[in-house]
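For reference, the chains in residue letters:
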Amino acid sequence: MTTPIDTEGGSAMSDRWYQQQAKSIHGRDGAIEFDDVPLVSAGGDRGAYVQAWVWVDDPDPDDVGPIFILGEEPTTCPQCGSRTDFDENDDDTQSHRCLNRDCGFDFLGVFDDDDDAEPVAT
Ligand SMILES: [Zn+2]
C-alpha cells in the first residue's frame, strides 16, 4: 500500500530531486554552477534550498584602474614607491592616489583573502 506524501508540512521530495530541479531550472554555465552533489536545505515551506555558486567578475580596469593587493605594510605607489592617499570604498576596497606630484598614479587596492574557496569543477 502506498501512502500519499504530505506536502503541507515542508519538503516532500528527495534531495536528489531538488538537486536535479535546481540544475535544470537555474543552472547557467559560467554564471550559476552547482557542485556534483550540492547541499540541500529543507525548508518549512514546500520546497528546499539547493546550494549554488554564482560567478562574479572582477571590476573592469577601465573603470577602477589597475588593481593591487594590499599588504600589512603601509601602501606605497607601485610606480614610484611614494606614500599614497586613499579613500575607503563601500565594497572593502581602497582607491589610492600617489602623493608624488610627478607621478600621481591611481590604483585600486584590495585586501588579500586567505579563505579562498576551491574553484568549481564542472
Ligand atoms: Zn607614484
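Reference entry: report on the structure contained in this document. (Residues numbered from 1 in each chain as written. Predicted model: local features only at pLDDT ≥ 70, side-chain atom pairs only at ≥ 80, totals over all residues.)

Within the element layout of this structure, S11 appears in the segment before α1 (15–26). Contacts of S11, omitting those with residues within four sequence positions, involve A42, G43, G47 and A48. (Helix = DSSP H or I, 4+ residues; strand = E, 2+ residues; numbered from the N terminus. Contact = placed C-beta atoms within 7 Å.)

What follows deals with the environment of I67. Mapping I67 onto the fold places it in strand β5 (residues 67–70). Residue I67 is classed as partly exposed on the basis of its 13 C-beta neighbours within 10 Å. Every residue in contact with I67, bar those within four places of it in the chain, is listed here: P61, F107, L108 and V110. (Buried ≥ 20, exposed ≤ 12 C-beta atoms within 10 Å, placed from the backbone.)

Turning next to the sheet that holds strand β7 (residues 93–98). Taking strand neighbours across the sheet as the criterion, the four strands line up as β5-β8-β7-β6 in an open arrangement whose pairing is mixed. Sheet topology places β5 and β6 (84–88) at the edges, where each strand pairs with a single neighbour. With strand direction ignored, the average angle separating the axes of adjacent strands in the sheet is 35°. The sheet contact formed by β5 and strand β8 (residues 106–111) spans four bridges and is parallel. Considered in β8, the bridge of L70 is made with F111. (Pairing = 2+ DSSP bridges. Axes fitted to C-alpha atoms, helices over the stretch in contact; angles between N-to-C directions.)

Positive phi, close to 70°, is recorded for D92, a residue that is not glycine. Under the C-beta neighbour-count criterion, D92 is labelled exposed, with 9 such atoms within 10 Å.

Turning next to the pairing of β7. Where β6 and β7 come together, five bridges link them in antiparallel fashion. Among the inter-strand pairings, F86 is bridged to a residue of β7, identified as H96. Counted along the chain from β6 to the antiparallel partner β7, the turn is four residues long, and its residue D92 has a positive phi close to 70°. Bridge analysis of β7 against β8 gives five bridges, and the strand direction is antiparallel. The residue bridging H96 from the neighbouring strand is F107, located in β8.

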